[in-house]
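Single-letter residue listing:
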Amino acid sequence: MIFAIEEINTNESLLPNISIGYIIYDTCGSRLSSMSATLALMNGQEFAAGDRCNGQSPIHAIIGETESSATVILSRTTGPFKIPVISPSATCECLSNRKDYPSFFRTIASDYHQSRALAYIVKHFGWSWVGAVNSDNDYGNNGMAIFLKTAQEEGICVEYSVKFHRTEPEKLQRVVETVKRGTAKVIVAFLSQVEMGNLFDQLSVQNITNLQIIGVEAWITSESLMIPNSFHVLGGSLGFAVRKTNIEGFADYVTKTFWHTAFPCLQREGNSSQYGLNCSSYQDLLVLKNYNEDLTEQRYSNNVYKAVYAIAYSLHSLLQCTKKGGCEKSLTIQPQQVVEALKKINSTLKTGDHVWFDSSGAVVAQYEVVNWQQDLNGSIQFKPVGYYDASVPPDQQFVLNTENIIWAGGQLEKPRSVCSESCPTGTRKAAQKGRPVCCYDCIPCAADSNNCKQCPGEYWSNADKDKCVLKAIEFLSFTENMGIVLVFFSLFGVGITALVAILFYRKKDTPIVKANNSELSFLLLFSLTFCFLCSLTFIGRPTEWSCMLRHTAFGITFVLCISCVLGKTIVVLMAFKATLPGSNVMKWFGPAQQRLNVLAFTLLQVLICVLWLTISPPFSYKNMTYYHEKIILECRLGSIIGFSAVLGYIGLLAVLCFILAFLARTLPDNFNEAKFITFSMLIFCAVWITFIPAYVSSPGKFTVAVEIFAILASSFGLLFCIFGPKCYIILFKPEQNTKQHVMIKNPSKSF
């Protein structure tokens, strides 16, 4: 501070005709002394008991305190009087509260950044199980609270979090016992320099070593801890240190001041003989007069330097100083004016540092990551191995060179600190009751465990639960037994239908074939052939095209089939109505009208299918939810409404056909086809009514098998019920295949 003030007072461009004065109080680390010094600064040196305050502060700014707790006292005391306080080393995040500390500034970053960076460095090295020790004061408590919160967010478990104050040796002993009993190999020490010294002493006495200690700027570069046996306990420590900056001329200034203070003989006030007499006893030491290597770790010096210059630049602005005209000495400067000027300051020092304060009165967080290492002669070095800079983008803020790090106890291998080792493949984590989530037991994976590593969607774990293998794919194929059986019956149906068609074609001129429109009979046989064939589209690997084909082909062929049966039923019913005297109803149900009805009914189903395929068509889908161990390839319907419309339309025609056939069953005829149509529709409706619950409850490929069975059963029902009796007469009762026999009207018995 004195160096900076003397430098400013000799600077012709900064406060050119103004000299800065100062008074220094040493609080000796005592809060009581800090309060006394604060009141002395505010009242002035000559303030005596009984004097009245004049409302004017004798000082414009205070630089201090060193520790956060003392700075809190200082700032709360000076706050009502708007006296600016600038601390070079008080880092407690609590001081960032501008409501409580409106005139507080600091040339060091808040612990908010350092505490979070501690959690980041722990996570970076993969340590999930740590212990935590902090000073029981504002600095330690606030810093540790931020670290614990960030650690929880980053998935780091804290085995214990203990604290002590320098005046509490009993608590210190309990802390050491906790550390000794703990299993964590990494300790986060958010301690001030004094508390760290106390902890180090106890760790040394009890020979507690091989702990990877992560430190903070308050002690990580403290030279007071660099004693002969300290590396045995603190060797390999990592931590964040205030960034080193070289202040030109400062090392020589300190060295010169030291020699002139410690060795009075160097001050030549007498004759030369007296000088030689006084200095003769120091000859061995005087050779070190120009040695200044031990000043390299004066990291906080730059913070003090910046604090003094911040005040100087503020006064320079308030006094309206110019290089030629000097400063307006007649102006009266109030401390509150200095506070406002400090908020606006933005200057650059000769060291290259910027002097400015953010909205909380602090500067940007910039730390060096240092590592306690030992050189060849055994001396301790604070080796920079990385940095943290909050002023750059988040992905560039934290940089570490792990290759240059020496770990706890001087080891070259990074220590492990976990509560439980990672579970081997095939096992999962089971939380231990009452312990943090990082502590767990490893138990074999269950098939439905959410804690084990999930295989990708199309994979499944093997029997040993240690490898993902491709799931079996299930669909109804042509090569499996069930597929072969269904193909056989489908082709068998086609063959039977073809034989019936050949038989009817050869006997097309016989009365039994010509009765009830032989053209509809051939069209019905044609549609039944496609009904049998469409079942084949349901077998094989589902694809986008096969899914669309199978449902539309099924819907259209069955409507064509039922339309033919409906046409035949209407013809039977109308034929008997036409026998009544004066009736000419058959002219409306001739062959042309029958063909037109079949076409109209079928086109309506075609329209429904086109709309279905246009709006939301069926598609191939890999069902991985029904079974865990295999994938079911299936056709999703796309639009449930579309599928329901197709089935509903078929059902409507079937019910209508059944009702009409049922009404015509008692009509007198030696060969009443309505009876057989009734039976066929009864079978058809029964099959499809039972199909619905069976379809819904059948898993995997059996769903497709049920649908194919329904198609084949209903198709065989139509084929045998409608054409079976006719084939029987043609083949085995040819004497009944005459016009006279067919035209004989016998009253039919109802059933």
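Note that the structure is predicted; figures quoted are calculated from it, not measured. (Residues numbered from 1 in each chain as written. Predicted model: local features only at pLDDT ≥ 70, side-chain atom pairs only at ≥ 80, totals over all residues. Heavy atoms only, no water.)

1. What to know about helix H6 (residues 169-181)
Which entries qualify depends on this criterion: In this text, helices come from DSSP runs of H or I with a minimum length of four residues, and strands from runs of E with a minimum of two, each type numbered from the N-terminal end. To estimate the expected span of a helix, count its residues, drop one, and scale the result by 1.5 Å. Contacts between residues were defined by any pair of non-hydrogen atoms, one from each residue, lying within 4.5 Å.
Its 13 residues give H6 an end-to-end C-alpha distance of 19 Å, which sits within 8% of 18 Å, the value for a rise of 1.5 Å per residue. The elements touched by buried residues of H6 are strand S4 (129-135), strand S5 (157-164), strand S6 (186-190) and helix H7 (193-205).

2. So, the packing of aromatic side chains
Operational definition: To pair, rings of Phe, Tyr and Trp, with the six-membered ring standing in for Trp, must have centres within 6.5 Å; the planes then decide the type, stacked if under 30 degrees apart, edge-to-face if over 60, and tilted in the middle. When a residue's accessible area, from a 1.4 Å probe over protein chains only, is under 20% of the maximum for its type it is buried; when over 50% it is exposed; and in between it is partly exposed.
Counted by the stated rule, this structure contains 27 aromatic pairs. Residues tyrosine 139 and phenylalanine 190 carry aromatic rings whose centres are separated by 5.1 Å and whose planes lie at 50 degrees to one another, so their mutual orientation is tilted. A residue pair is termed long-range when its members are at least 10 positions apart, and tyrosine 139 in helix H5 (residues 138-153) and phenylalanine 190 in strand S6 qualify at 51 residues. Phenylalanine 190 shares its class with tyrosine 139; the two are buried.

3. Things to note about the packing of helix H1 (residues 2-9) against helix H12 (residues 301-318)
For clarity, the threshold we go by: To obtain an axis, a line is fitted to C-alpha atoms, over the contacting stretch when the element is a helix, and the angle between two such axes runs from 0 to 180 degrees between their N-to-C directions. For any pair of crossing helices, the crossing counts as left-handed if the nearer helix is rotated counterclockwise from the farther one by less than a right angle, and right-handed if it is rotated clockwise. Polarity classes work like this: nonpolar for Ala, Val, Leu, Ile, Met, Phe, Trp, Tyr, Cys and Pro, charged for Asp, Glu, Lys and Arg, and polar for all others, with Gly in that last group.
Their axes nearest at 8 Å, the elements H1 and H12 cross at an angle of 35 degrees. The way H1 lies across H12 gives a crossing that is right-handed. Contact residues: H1 offers Phe3, Ala4, Ile5, Glu7 and Ile8, while H12 offers Tyr305, Val308, Tyr309 and Ala312. In terms of residue class, the contact of H1 with H12 is built from eight nonpolar, no polar and one charged.

4. What about the pattern of salt bridges?
As a reminder of what qualifies: Salt bridge criterion: a side-chain nitrogen from Lys or Arg within 4 Å of a carboxyl oxygen from Asp or Glu.
According to the stated counting rule, one finds 13 salt bridges in the structure shown. Notably, a salt bridge pairs glutamate 7 with lysine 350, separated by 2.4 Å at the nearest N-O pair. Of this pair, glutamate 7 sits in helix H1 while lysine 350 sits in the loop between strand S9 (347-348) and strand S10 (354-355), placing them 343 residues apart in sequence. Classification of glutamate 7 as buried rests on a relative accessible area of 18%.

5. As for the state of the cysteines
Covalent bonding between the sulfur atoms of two cysteines defines a disulfide. Which entries qualify depends on this criterion: Disulfides are defined in this document as cysteine sulfur pairs within 2.5 Å.
If you walk through the whole model with that rule in mind, you get six disulfides. Paired by a disulfide, cysteine 321 and cysteine 327 hold their sulfur atoms 1.8 Å apart. Judged by the sign of its S-S torsion, about 115 degrees, the bond between cysteine 321 and cysteine 327 is right-handed. In this structure cysteine 327 comes out as buried when scored by relative accessible area, which is 8%. Here cysteine 547 is linked by a disulfide to cysteine 635, with a sulfur-sulfur distance of 1.8 Å. Every disulfide takes its handedness from the sign of the S-S torsion; for cysteine 547 and cysteine 635 that torsion is -75 degrees, giving left-handed. Of this pair, cysteine 547 sits in helix H17 (residues 544-577) while cysteine 635 sits in strand S20 (residues 630-636), and the two are 88 residues apart along the sequence.

6. Some words on the sheet that holds strand S2 (residues 85-87)
Definition in use: Strand pairing follows a simple DSSP-based rule, namely that at least 2 bridges must link the two strands.
Strands sit in the order S1-S2-S3 across an open sheet of three strands; the sheet is parallel. At either margin of the open sheet sits one strand with a lone partner, and together these are strand S1 (62-63) and strand S3 (104-106). The pairing of S1 with S2 spans two bridges and is classified as parallel. Following the sheet pairing, isoleucine 63 is matched in S2 by isoleucine 86. Sheet strands in contact with helix H3 (residues 68-78) are S1, S2 and S3, and its direction is about 165 degrees off that of S2.

7. Looking at the UniProt feature "transmembrane region" (unreviewed entry) in the protein chain
How we decide: UniProt positions are given in the numbering used here, feature names are shortened, and annotations may be inferred rather than shown by experiment.
Taking the numbering used here, the UniProt-annotated feature "transmembrane region" (unreviewed entry) corresponds to residues 482-505, 520-540, 552-576, 596-615, 640-664, 676-696 and 702-723. Between the end C-alpha atoms of residues 482-505 the distance is 34 Å, and the span holds 100% helix and 0% strand. Annotated as 71% helix and 0% strand, the span residues 520-540 places its first and last C-alpha atoms 33 Å apart.

8. What to know about the side chain of glutamine 373
By secondary structure assignment, the location of glutamine 373 is in strand S11 (residues 366-374). The buried category is assigned to glutamine 373, whose relative accessible area is 13%. In this view, glutamine 373 contacts Phe231, Ser379, Ile380, Gln381, Lys383, Val385, Asn404, Ile405 and Ile406; residues no more than four positions away in its chain are not counted.

9. A few points about the nonpolar core
As a reminder of what qualifies: We define the nonpolar core as a collection of buried residues of types Ala, Val, Leu, Ile, Met, Phe, Trp, Tyr and Cys that are connected through side-chain atoms lying within 4.5 Å of one another.
Membership of the largest hydrophobic core comes to 66 residues, with the highest contact counts inside it found for Met681, Phe684, Trp688, Leu718 and Phe723. Breaking this core down by element, the ones donating at least two residues are helix H14 (481-506), helix H15 (511-514), helix H16 (518-534), H17, helix H18 (591-615), helix H19 (640-664), helix H20 (673-697) and helix H21 (701-732). Broken down by element, this core gets its largest block of residues, 15 residues, from H21. Those residues in contact with phenylalanine 723, other than ones at most four positions away along the chain, are Val500, Phe504, Ser521, Leu524, Leu525, Leu528 and Leu718. Ile121, Phe125, Ile220 and Val385 belong to the second largest nonpolar core, which has 60 residues in total.

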